[in-house]
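# Per-entry structural report
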Amino acid sequence: MKTVIIGSNHAGIAAANTLLDNYPGTEVVLIDRNTNLSYLGCGTALWVGRQIDGYEDLFYTNEEAFRKKGAKIFMESSVTSIDFNNKIVYFENKAGEKSEESYDKLILATGSKPIIPNIPGKDLEGLHFLKLFQEGQEVDHDMSREDVKTVAVIGAGYIGVEIAEAAKRRGKNVLLFDAMPTSLASYYDPEFTHNMDKNLEENGIELHFGELATEYKGDKRVTQLVTDKGTYDVDMVINAIGFTANSDLGKDHLETFRNGAYLVDNHQKTSDDSVYAVGDCATIYSNALEATTYIALATNAVRSGIVAGHNVGGTELDAIGVQGSNGISIFGYNMVSTGLSVAAAKKAEIDVDYTDFEDLQKPGFIKENAPVKIRIVYEKSSRRIVGAQLASTEDISANIHMFSLAIQEHVTIDKLKLLDIFFLPHFNQPYNYITMAALRAK
């Protein structure tokens with residue numbers, strides 16, 4: 001059997017490795033328009049902010065590794081069209097040479113693409129997006145210019161907040177804009193995001209929330225950013241307002257979700273029995289929502305690639321859904337969440353309640369210590385846990401995995417109240433904040 005995979009980042013790589021490592025004799029063809037594969041884009045801000053030595057270790061595999069496994073791989077090759085009826089993929093390399101590959105099974109792993117604001121001045125120099133490795137290089141290069149003193153970042157989601165920190169670490173004046181009233185509004189409730197906003201301000205980032213960009217100004221290069229509330233002198237603009245599914249190749253043939261992502265079943269199969277879709281170009285099932293949705297995360301991409309790889313290879317494997325678990329660390333302040341915030345649940349018309357608690361991570365006699373804030377969100381009718389948020393300067397990241405499993409397995413808030421949680425002063429308190437939060441639930 002021959003499988004063609006279009007796209008060779010996290011989802012495509014996971015699918016390819018699953019097929020090559022588990023199904024001997026399977027013919028695998030990888031096609032990608034980029035010069036590289038396996039770039040960990042989540043490390044871009046660390047590299048640009050000089051928190052790591054360079055970008056070299058942000059790649060976890062390469063072309064040669066796949067060729068050694070027997071795959072055929074075409075880099076810097078753009079797919080121009082797909083004949084779904086005759087199962088042929090047409091593509092062209094950077095030299096203009098045209099090629100085609102037939103397939104028995106096709107896996108679409110084309111990822112996502114940045115949302116580009118359609119406002120005046122969008123073609124000026126000095127405007128950047130962050131998705132590909134090359135875009136990270138461009139941002140890093142531009143930030144190295146001596147005449148770049150002030151950097152505007154549009155979008156205060158994860159990427160925007162992280163690159164704002166990176167720019168500040170490079171000694172720039174940083175202005176952070178978002179249409180929402182706080183940073184990270186898609187992931188956390190205001191009681192948590194306000195703490196992150198304070199953290200950003202205390203570290204010298206100028207916040208402009210509740211503002212909408214309306215125009216970029218400049219002769220050849222951007223020199224001003226105009227919003228619905230003012231005009232700001234800038235030397236560089238980084239757009240980080242979000243992503244949408246890159247589904248152009250199959251949107252006229254395959255069923256799609258409301259945002260254009262390919263609709264897939266729990267085997268990652270699309271409406272065409274010979275075509276699978278994985279990663280950011282496809283839908284995913286949310287255990288918190290109990291519904292199909294769209295969540296663009298590298299972890300989801302890897303899992304979907306594994307599921308598709310096994311099903312294409314002949315082993316039936318069901319996806320078990322996701323919770324959208326995520327985390328961020330900015331100037332030493334850590335936040336993690338999974339499932340739904342209260343705001344997200346309200347938007348989804350799920351009637352929820354929540355319980356909050358705040359305490360030190362360890363007993364008061366431990367010197368290296370800090371407060372931890374926790375919120376657990378649960379559905380009123382069933383009392384099942386649907387979300388959790390934690391924040392601290394302590395490393396509280398591992399706690400979120402338990403809540404992710406709780407959401408997946410429909411654990412109720414009451415089951416959590418007397419959960420056996422170990423205690424040792426080096427790590428935590430005898431009255432653990434997870435226990436205390438659960439006990440306070442109505």
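Residues numbered from 1 in each chain as written. Predicted model: local features only at pLDDT ≥ 70, side-chain atom pairs only at ≥ 80, totals over all residues. Heavy atoms only, no water.

Going by this rule: UniProt positions are given in the numbering used here, feature names are shortened, and annotations may be inferred rather than shown by experiment.
As recorded in an unreviewed UniProt entry, the chain goes by the name NADH oxidase, listed as coming from Pseudolactococcus laudensis. Taken from UniProt, the Cofactor (unreviewed entry) comment for the chain reads in full: "FAD". In its Sequence similarities (unreviewed entry) section, UniProt records this for the chain: "Belongs to the class-III pyridine nucleotide-disulfide oxidoreductase family."

### A word on the nonpolar core
So the rule is basically this: Residues belong to a common nonpolar core when they are buried Ala, Val, Leu, Ile, Met, Phe, Trp, Tyr or Cys residues joined through side-chain atoms within 4.5 Å. Relative accessible area decides the class of each residue, using a 1.4 Å probe on protein chains only: under 20% of the type maximum gives buried, over 50% gives exposed, and in between gives partly exposed. Only DSSP runs of H or I with at least four residues qualify as helices, and only runs of E with at least two residues qualify as strands; both kinds are numbered from the N terminus onward. All domain edges in this entry derive from an automatic or database-based domain assignment. Two residues qualify as a contact provided that any one of their heavy atoms is within 4.5 Å of a heavy atom in the partner residue.
In this structure, Ile-163, Leu-176, Ile-238, Ile-328 and Met-335 are the most contacted members of the largest nonpolar core, which totals 32 residues. At six residues, helix 5 (residues 158-169) tops the list of elements feeding residues into this core. Each of two domains, domain 2 (116-239) and domain 3 (332-440), supplies a minimum of three residues to this core. Apart from residues lying up to four places away in sequence, Met-335 is in contact with Leu-184, Tyr-188, Phe-192, Thr-193, Met-196, Asn-326, Gly-327, Ile-328, Leu-390 and Ala-391. Counting 28 residues, the second largest nonpolar core, distinct from the first, contains Val-352, Ile-407, Tyr-433 and Ala-441.

### Overview of the pattern of salt bridges
A pair can form between side chains of opposite charge whenever their charged atoms are brought close. Counted only if it meets this: Only one rule defines a salt bridge in this text: a Lys or Arg side-chain nitrogen within 4 Å of an Asp or Glu carboxyl oxygen.
Following the criterion strictly, the structure yields 26 salt bridges and no others. The salt bridge partner of Lys-131 is Asp-280, with a shortest N-O separation of 3.6 Å. Taken together, the residues Lys-131 in the loop between strand 9 (127-129) and helix 4 (133-143) and Asp-280 in the loop between strand 18 (275-277) and strand 19 (284-286) connect sequence positions 149 residues apart. We classify Lys-131 as partly exposed; its relative accessible area is 30%. Taking the relative accessible area as the measure of exposure, Asp-280 reaches 14% and is therefore buried. With a shortest N-O distance of 3.5 Å, Glu-394 and Lys-362 are connected by a salt bridge. Taken together, the residues Glu-394 in the loop between strand 25 (385-392) and helix 9 (399-408) and Lys-362 in the loop between strand 23 (352-360) and strand 24 (371-379) connect sequence positions 32 residues apart. Summarising the burial analysis for this pair, Glu-394 and Lys-362 share the class buried. Salt bridges here are not isolated pairs; linked through shared partners, they connect Asp-142, Arg-145, Asp-147 and Arg-221.

### Observations concerning the side chain of Ser-286
Short version of the rule: Distance and chemistry together define a polar contact, namely a pair of N or O atoms within 3.5 Å, with one atom able to donate a hydrogen and the other to accept it when in protein, and with adjacent residues in sequence counting only for side-chain atoms on both sides.
Mapping Ser-286 onto the fold places it in strand 19. Of the polar contacts made by the side chain of Ser-286, one reaches the backbone nitrogen of Ala-288; its length is 3.3 Å. Look past the residues within four positions of Ser-286 in its chain and what remains in contact with it is Ala-291, Thr-293 and Val-322.

### Focus on the packing of aromatic side chains
Formally: By convention, a stacked pair of Phe, Tyr or Trp rings (six-membered ring in the case of Trp) has centres within 6.5 Å and planes under 30 degrees apart, an edge-to-face pair has planes over 60 apart, and any other such pair is tilted.
The full count for this structure, using the stated rule, is ten aromatic pairs. The interplanar angle of 55° and the centroid separation of 4.9 Å between the aromatic rings of Phe-74 and Phe-91 together place this pair among those described as tilted. Taken together, the positions of Phe-74 in strand 3 (residues 72-74) and Phe-91 in strand 5 (residues 88-93) put the pair 17 residues apart, joining distant regions of the chain. You can call Phe-74 partly exposed: its relative accessible area is 23%. A relative accessible area of 2% means that Phe-91 is categorised as buried. An aromatic cluster is defined as three or more aromatic residues linked by ring pairs; in this entry it consists of Tyr-39, Trp-47, Tyr-55, Phe-59 and Phe-133.

### Brief notes about the sheet that holds strand 5
The line we're drawing: Two strands make a pair as long as DSSP finds a minimum of two bridges between them. Axis definition: a line fitted to C-alpha atoms, over the contacting stretch in the case of helices. Angles run 0 to 180 degrees between N-to-C directions.
Strand order across the open sheet formed by three strands is 4-5-6, with antiparallel pairing between neighbours. Because the sheet does not close on itself, it has two edges, and the strands there are strand 4 (77-83) and strand 6 (98-102). Ignoring strand direction, the axes of neighbouring strands in this sheet form an average angle of 25°. Pairing between strand 5 and strand 6: five bridges, direction antiparallel. Note on strand 6: the bridge partner recorded for Glu-92 is Lys-98.

### So, the pairing of strand 21 (residues 326-330)
The alternating pattern of strand 21 places Asn-326, Ile-328 and Ile-330 on a buried face, while none of Gly-327 and Ser-329, on the opposite face, is buried. Where strand 21 lies against strand 22 (residues 333-339), five bridges are found, and the strand directions are antiparallel. Following the sheet pairing, Ile-330 is matched in strand 22 by Tyr-333. What sits between the antiparallel neighbours strand 21 and strand 22 is a turn of two residues, in which Phe-331 has the positive phi angle 50°.

### As for the UniProt feature "domain: FAD/NAD(P)-binding" (unreviewed entry) in the chain
As annotated by UniProt and renumbered to match this structure, "domain: FAD/NAD(P)-binding" (unreviewed entry) occupies residues 2-305. In residues 2-305, the share of helix is 22% and the share of strand is 28%. The end C-alpha atoms are 17 Å apart.

### Some remarks on the sheet that holds strand 16 (residues 236-239)
Ordered by their spatial adjacency, five strands build an open sheet running 9-16-10-11-12, and the pairing between neighbours is parallel. If you trace the sheet from one side to the other, it starts and ends with strand 9 and strand 12 (205-209), each paired once. Strand-to-strand twist across the sheet, computed as the mean angle between neighbouring axes with direction ignored, equals 20°. Judged from the five bridges that link them, strand 10 (residues 150-154) and strand 11 (residues 173-178) form a sheet pairing that is parallel. Opposite Ala-152, over in strand 11, you have Leu-175 as the bridge partner.

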